[in-house]
Amino acid sequence: MNTQPTTAKRPLLPRTNAKRRLSKDQLLAFLFLTPSLLLIAVFVYGFIGWTGYVSLSQWNSIVPDLSWAGLDNYVQLFQTFRFQADLRNMVVFTILFIACVIFLGQLFAVLLDQKLKGESLFRNIFLFPMALSFVVTGVVWRWVLNPKTGVNLLLDDLGWAFGWYTDTSVVPGWSLFQIEFGMPIALIAVIIAAVWQMTGFSLAMYLAGLRGIPEELREAARMDGASERQIYFKVILPQLKPITFGVIVMMLHISLKIFDLIYTMTGPGANFVTDMPAVNMFDTTFQANLYARGAAIAIVLLLLVAVFIVPYLIRSRKGEA
Amino acid sequence: MKKKFSLWTVMLLVVALLLSACGGSGSGSEDASGDAGDGGSGKVKLEIFSWWTAGGEADALKALLKGFKEKYPNIDVVNAAVAGGAGSNAKAVLSTRMQGGDPPSTFQVHGGAELFQWVNAGKMSPLDELYKEKSWQDKFPQKVIDMNSKDGHVWGVPIDIHRGNVVFYNKAIFEKYGIEPPKTFDEFFAAAEKLKANGVTPLALGDKNVWPATMLFENVLLGTIGPENYAKLWTGELSFDSEGVRKAAERFKKMLDYVNEGHSSLAWQDATQLIIDGKAAMNVMGDWAEGYLVSKGWKPNEDFGWIESPGTTDDFMIINDSFGLPKGVEHPDAVKKFLGYLGTPEAQAAFNEIKGSIPANTETDMSGFNEYSQSAMKDFKAADEKGTLALSLAHGSAAPPGFLNQVNTAVNMFVTQKDVDSFLRSLKQASSQLQ
């Protein structure tokens, strides 16, 4: 992306020679890009358009029915208890998940940055969970946090048995519309699993960022009499802001679209305490054959992701220019 | 900036690769089923689609396919089973394939509303001739043929009949506390109270997938309002806010006070396991639970007993698996041969003995079946004569999937909130999907 020649640079090159070579290069580039552009146009943007169209239709049985329904599907969707619970869960999950991933990633990166022996071993240990798919993570953590097996066998002996993902309570549970607002306790188990999986990613990002900060900055701070603590909080961490921003964007779209972890670990959960829009979409579309309503969920998800990702894209474009 | 960006790109690529790897494993089963049968050139390929992938179900399917291969060595049978709880994944794959014009040669479907949605969509071919040729009209019970008939045609060949209203119980626990198996709701609650006082969980439930809870509710419903009124619910003659349904909801609520902790994290097998472990006394389940108990070395009438769920002594909640002939398959004649074989007494015996269900063909020799299946067969015949067979809602026979999905949602909420009024309101609201 950043190696693309800009108009400002072009006149610097020898004119005649460059023009022919560039146009040849450009031609080649176009040749190589066109097929994938066409495919993306059809299979990404075309299908998004198709999904949008379906979401406005009356296709709510196994037989396609594309007659116009307007916003009916959306109105009905937001009235269902399940979708309201989904939105609550999504907000709670997203905030806690991202906060934990950033905090733990930063903490581990700073610790690893202390030039300790066997650093690469530690790095691999922390990065390994990332190599797994969420499906595996879900199955493993489902077992670990099962009220009758895993860590609970140990906690049971100490008298601290915990329900983990079987607890259906919502704290503090203010009722609004049909649902209870607050923190669904069962969601904590899911957040633990998701954080376990993704902390390695944020650690890698932060570590790379830390390594990118020139040693001279620290030296200078030390010369000014700053303590190691002050150096971290006043000099180094502020430099990592763009990385934090990147991690947030990456984690945001993972958490908004999360499906496989929930599907394998808990399912919707009693009273939908661990349900997410993507799981709801799968059930609505393929179990109940409510295709139009399923498409409406997909579009709502897309819009939610867009709300967060588009500003980032705009920002990164500005950064390039 | 440059460095960070290349790292970014690498990270993105890694994530993209991981994601595509996950996606690949999901669709792998489809690919495998498509390629598996190409070996025998010149042979006709037949793809049998189901969600029988594990335990007794998978073994039963294997026995069935083996018998078919021996009879028709020239037909290549591909077992295209898709794994996933209660067919959830299989149904998703099936709708995609059917709508994409790539139907499997034949597929497993529950008789009743689940089959009819394909019939209504015009995706199935009628099987009237096959029925005539094999004179099945006299061999299958009328009610089962009805479950597979619509608009004057037959669309499915029944392979098995399951019973949905059974309470399996741990005999040792019942003997220890001197409790008789409960026949009515009063007896059930008295027994439950006694068990609870002795520190035994009275009722095992595993509703990680919501259907076992829906199944418990439909049993209470049947036991409370009786098979006639129960049937009227699906035709709209009886409303979901009627007195009987309210009473059933209240009984259902009371029952939930006696179930095990953490039930929403358990599958139905886990609930049955609680009975084996002696941690719970009773489990309301279909008779596939009997297959599970036997597979764990338990003997019918020795280690475990069974009785109809409270209030349904004369009733038989019926769940039936059928296979049909989708339109546009490559070798309809071969499919008809397979369907013809499915209905024969020997195929039904081979399959059902292993699966724990009872055969749909009344001419099947029952001597190889165990004590439980024999008693289920007797009850089925009695209920068939009395006209007290009831269609299961939880398994898609009584009502279309859109309605069932909303009932599952309502039950899922009810299990925690226990709010009878809002439960009935959701059911009533969902019934607009029935027509």
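This one's a predicted model, so the numbers in the text were calculated from it and none came from an experiment. (Residues numbered from 1 in each chain as written. Chains lettered and ligands numbered in written order. Predicted model: local features only at pLDDT ≥ 70, side-chain atom pairs only at ≥ 80, totals over all residues. Heavy atoms only, no water.)

A. Quick look at the interface of chain B and chain A. Tallying the contact residues gives 33 residues for chain B and 41 residues for chain A. In total, about 3500 Å² of surface goes out of reach between chain B and chain A, with carbon and sulfur atoms giving 64% of it. The tally of links from chain B across to chain A stands at zero salt bridges. On the surface where chain B and chain A come into contact, there are nine residue pairs in polar contact (both at pLDDT 80 or more). Counting only elements with at least two residues in the side of chain B that touches chain A, the list comes to α1 (2-35), α3 (88-99), α4 (113-120) and α16 (401-417) of chain B. Looking at the side of chain B that touches chain A, the element that brings in the most residues is α1 of chain B, giving ten residues. For the side of chain B that touches chain A, the per-class residue count stands at 13 nonpolar, 16 polar and four charged. (Contact = heavy atoms within 4.5 Å. Buried area = accessible area lost by both parts, 1.4 Å probe. Salt bridge = Lys/Arg side-chain N within 4 Å of Asp/Glu carboxyl O. Polar contact = N/O pair within 3.5 Å; in protein donor to acceptor, adjacent residues only side chain to side chain. Helix = DSSP H or I, 4+ residues; strand = E, 2+ residues; numbered from the N terminus. Nonpolar A, V, L, I, M, F, W, Y, C, P; charged D, E, K, R; others polar.)

B. Inspection of the pattern of salt bridges at higher detail. Residue and element names in this part refer to chain B. If you walk through the whole model with that rule in mind, you get 23 salt bridges over all chains. Of the charged contacts, one joins Glu47 and Arg97 as a salt bridge, the two residues approaching to 2.9 Å between their closest N and O atoms. Linking Glu47 in strand β1 (residues 44-50) with Arg97 in helix α3, this pair joins segments that are 50 residues apart in sequence. By the burial criterion, Glu47 is buried, and Arg97 matches it. Notably, a salt bridge pairs Asp151 with Lys150, separated by 3.9 Å at the nearest N-O pair. Accessibility expressed as a relative area gives 25% for Lys150, which makes it partly exposed. (Buried < 20%, exposed > 50% of the residue type's maximum accessible area, 1.4 Å probe, protein only.)

C. Structural context of the nonpolar core. Within the largest apolar cluster, 68 residues are counted, with the highest numbers of intra-cluster contacts made by Leu64, Val157, Phe338 and Leu339 of chain B. Here the element with the most residues in this core is helix α13 (residues 332-342) of chain B; it accounts for six residues. Apart from residues no more than four positions distant in its own chain, Val157 of chain B is found in contact with Leu127, Leu130, Tyr131, Trp136, Phe140, Asp321, Ser322, Phe323, Leu339, Leu342 and Gly343 of chain B. Residues Met90, Val110, Phe201 and Ile236 of chain A belong to the second largest nonpolar core, which totals 59 residues. (Core = buried A, V, L, I, M, F, W, Y, C linked by side-chain atoms within 4.5 Å.)

D. Seen up close, the confidence of the model for chain B. All names here are of chain B. Per-residue pLDDT for chain B averages 88, and the proportion of residues at 70 or more is 89%. Note that residues 21-41 has pLDDT below 50 and, in this model, 13 contacts with residues that lie over four places away or in other chains. As scored by the predictor, the complex reaches a pTM of 0.81 and an ipTM of 0.76. (pLDDT = per-residue confidence, 0-100.)

E. Representation of the packing of aromatic side chains in the model. All told, the structure shown has 43 aromatic pairs over all chains when counted by the stated rule. Taking the centre distance of 5.9 Å and the plane angle of 65° together, the rings of Trp141 of chain A and Trp196 of chain A count as edge-to-face. Taken together, the positions of Trp141 of chain A in helix α5 (residues 134-144) and Trp196 of chain A in helix α7 (residues 186-212) put the pair 55 residues apart, joining distant regions of the chain. Look at Trp141 of chain A and you get buried, because its relative accessible area is 14%. Take Trp196 of chain A: its relative accessible area is 35%, and that puts it in the partly exposed class. Centre to centre, the rings of Trp211 of chain B and Trp288 of chain B are 6.2 Å apart; their planes meet at 65°, and the pair counts as edge-to-face. Taken together, the residues span a long stretch of sequence, with Trp211 of chain B in helix α9 (residues 211-235) and Trp288 of chain B in helix α12 (residues 288-295) at a distance of 77 residues. Judged by its relative accessible area of 12%, Trp211 of chain B falls in the buried class. Site record: aromatic cluster; members linked through ring pairs are Trp52, Phe68, Tyr72, Phe323, Phe338, Tyr341 and Phe351 of chain B. Above the ring of Trp51 of chain B, the side-chain terminus of Lys91 of chain B is found at 5.1 Å from the ring centroid. (Phe/Tyr/Trp six-rings, centres within 6.5 Å; stacked < 30°, edge-to-face > 60°. Lys NZ or Arg CZ within 6 Å of the ring centre and 35° of its normal.)

F. Spatial organisation of the confidence of the model for chain A. Residue and element names in this part refer to chain A. The predicted model of chain A has a mean per-residue pLDDT of 87, with 93% of residues at 70 or higher. Mean pLDDT values for the elements of chain A range from 81 in helix α6 (residues 151-158) up to 94 in helix α3 (residues 81-112). Predicted confidence for residues 1-9 stays below pLDDT 50, and this span has three contacts to residues more than four positions away or in other chains.

G. Summary view of the environment of Ala410 of chain B. All names here are of chain B. You can see Ala410 is positioned in helix α16. Taking the C-alpha atoms as reference points, Ala410 and Ile48, 362 residues apart in sequence, are found 34 Å from one another. Those residues in contact with Ala410 that lie beyond four places of it in its chain are Phe423 and Ser426.

H. Looking closely at the pairing of strand β12 (residues 316-326) of chain B. Residues and elements named next belong to chain B. For β12, the buried fraction is high: eleven of the eleven residues fall into the buried class. What you see with β12 is no split at all: Phe316, Ile318, Asn320, Ser322, Gly324 and Pro326 on one side and Met317, Ile319, Asp321, Phe323 and Leu325 on the other are buried throughout. Pairing between strand β3 (residues 106-110) and β12: three bridges, direction antiparallel. Within the sheet, the bridge partner assigned to Val109 lies in β12 and is Ser322. (Pairing = 2+ DSSP bridges.)

I. Spatial organisation of the packing of α7 of chain A against helix α10 (residues 241-256) of chain A. Residue and element names in this part refer to chain A. One can describe the packing of α7 onto α10 by two numbers: an axis separation of 10 Å at closest approach and a directional angle of 160°. When the axis of α7 is compared with that of α10, the two are roughly antiparallel. The two elements α7 and α10 meet at a crossing, and its hand is right-handed. Taken together, the residues of α10 that come into contact with α7 (itself represented by Met198, Phe201, Ser202, Met205, Tyr206 and Gly209) are Ile243, Thr244, Val247, Met250, Met251 and Ile254. Residue composition of the contact of α7 with α10, grouped by class: nine nonpolar, three polar and no charged. (Axes fitted to C-alpha atoms, helices over the stretch in contact; angles between N-to-C directions. Parallel < 35°, antiparallel > 145°, perpendicular 65-115°, else oblique. Left-handed = near helix turned anticlockwise from the far one by under 90°.)

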